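# Remarks on the overall topology
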Amino acid sequence: MKPETVLVTGGAGFIGSHTCVELLEAGNDVVVIDDYSNSHPSALDRVREITGKSFAVYEVDLRDRAGLSAVFEAHPIDSVIHFAAKKAVGESTQIPLEYFDINIGGTTNLIRTMHQHEVTRLVFSSSCSIYGDSSAAPLSEADPANPTNPYALSKWMCEQVLSQACVYIPELSVIALRYFNPIGAHPTGRLGEDPLGVPNNVMPYLSQIAVGRLTELSVFGDDYPTPDGTAIRDYIHVVDVADAHRVALEHLDDRDGFRVFNLGTGSGVSVLELVAAFSKACGKEIPHRIAGRRLGDVASLIADAANIDREWGWRTRRDLADMCRDAWNFQRQNPEGYPV
Ligand code: UD1
């Protein structure tokens, strides 16, 4: 495939930074936009270090029309991968309007600016959370959306906006990737997940216990209708997620219009199974105790990952042991996260 210039919004974030590595290693040029609201500029230094390549970076809020337009004027952008968004489910119930403004407003301004500059190719970062409280496992792209919190609704609304944009602007080609639970880190240990503040998500929480920054995991509920009673998720290695974006770019020209694909492994792992796998990877028992269910959690979310394989011949290549080994490797090498 011929190299392109790819604008990556949220390029300093967890999935964005790993995707920049894959894109650069495949010979593409990258332009990054990030406002660093939940990321670190030093992640981009690490991307340069891993790839030996340089790229342009802009500190821009996606809702800033003039600022965004200036980036499109400065570079011959061929395609866009749009990660930049707020993503904490609990927080979204506290500040829903911020979520709508940043996630939906940012996306509509992005697609509008793309259109003004005749850029027609977009890969959008969506989420399995749009399926809501579905016990139908595994979940296929054809299952109905039922978002149960403002974060999930914002992702579903973005999909709707992009899908409608494709109806009325026929030259647009948009692929939405619905991630299940991305975890892990780059195998070099130089890039990983480093949330600001106390982690909401289970994997950075486990890693921070292992380096002594936190003491004990609260397992949120052991009374779910699952074999060990704890909730089941479809964890996927972040490098597999990043690789899927590189491949999605290659398929944007297959046809115009809007398409969605699940991004998961197709297998479920319970919280206790994850704790055991991570304990094995880091060589220490992770202290944990059973706590009450977390508001808004669902029993099980597993991807039907057949579609992306059928259409593109793409499937995940890394397993749970790889995810735990790499997450631990990053945390061990960077006990306090990225340098500030
Ligand atoms: C959620 C969202 C997902 C979003 C992701 C990133 C849903 C269904 N999913 O994933 O779309 O992209 O956050 O913010 O809303 N757990 C514990 N103890 C902890 C933390 C988590 O037991 O301290 C459990 C949770 O109950 C859950 C599992 O670990 O069963 C995974 O939790 P988490 O990593 O927060 O991800 P999700 O909530 O699945």
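Overview of the structure. (Residues numbered from 1 in each chain as written. Predicted model: local features only at pLDDT ≥ 70, side-chain atom pairs only at ≥ 80, totals over all residues. Heavy atoms only, no water.)

### Quick word on empty space enclosed by the protein
Throughout the structure, instances matching the rule amount to one cavity of 30 Å³ or more. If you add up the space inside the largest cavity, you get close to 60 Å³. In terms of lining, the largest cavity is formed by Gly184, Ala185, Glu193, Met203, Pro204, Ser207, Ala327, Phe330 and Gln331. Going through the elements one at a time, helix H7 (202–210) and helix H11 (320–333) are the ones with two or more residues in the lining of the largest cavity. In terms of residue class, the lining of the largest cavity is built from five nonpolar, three polar and one charged. (1 Å grid on protein atoms, 1.4 Å probe; cavity = no way out; pocket = protein on both sides within 12 Å on 5 of 7 lines; lining within 4 Å. Points joined across faces, edges and corners; volume = space filled by probe spheres on them. Helix = DSSP H or I, 4+ residues; strand = E, 2+ residues; numbered from the N terminus. Nonpolar A, V, L, I, M, F, W, Y, C, P; charged D, E, K, R; others polar.)

### Some thoughts on the packing of H7 against H11
At a closest axis distance of 10 Å, the pairing of H7 and H11 adopts a crossing angle of 55°. Classified by the angle their axes make, H7 and H11 are oblique. Relative to H11, H7 is oriented so that their crossing is right-handed. Along the contact surface, H7 presents Met203, Ser207, Gln208 and Ala210, while H11 presents Met323, Cys324, Ala327, Trp328 and Gln331. Its residues assigned to classes, the contact of H7 with H11 comprises six nonpolar, three polar and no charged. (Axes fitted to C-alpha atoms, helices over the stretch in contact; angles between N-to-C directions. Parallel < 35°, antiparallel > 145°, perpendicular 65-115°, else oblique. Left-handed = near helix turned anticlockwise from the far one by under 90°. Contact = heavy atoms within 4.5 Å.)

### Notes on the pattern of salt bridges
A complete count under the given rule lists 19 salt bridges for this structure. The salt bridge involving Arg246 is made with Asp243; its shortest N-O contact spans 2.7 Å. Residue Arg246 and its partner Asp243 are both found in helix H8 (residues 238–251); the two are separated by three residues, about one turn of the helix. A residue is classified by how much of its surface remains accessible, and Asp243, at 7% relative accessible area, is buried. (Salt bridge = Lys/Arg side-chain N within 4 Å of Asp/Glu carboxyl O. Buried < 20%, exposed > 50% of the residue type's maximum accessible area, 1.4 Å probe, protein only.)

### Re the site of the ligand
Near the ligand, the surroundings consist of 20 residues, among which Lys87, Ser127, Ser218, Arg233 and Asp297 are the closest. Contact between the ligand and Tyr151: an oxygen atom at 3.3 Å from a side-chain N or O atom of the residue. Arg294 is positioned with one of its side-chain polar atoms (N or O) 2.8 Å from an oxygen atom of the ligand. Isolated, the ligand exposes 750 Å² of accessible area, and the fraction of that covered by the protein chains is 92%. The dominant element in the shell around the ligand, judged by the number of residues it contributes, is strand S8 (residues 217–220), at four residues. Of the residues in the shell around the ligand, the class split is 10 nonpolar, six polar and four charged. (Near = heavy atom within 4 Å. Polar contact = N/O pair within 3.5 Å; in protein donor to acceptor, adjacent residues only side chain to side chain. Areas by Shrake-Rupley, 256 points an atom, 1.4 Å probe, with all protein chains shown as cover.)

Just distances and angles here, no functional claims.
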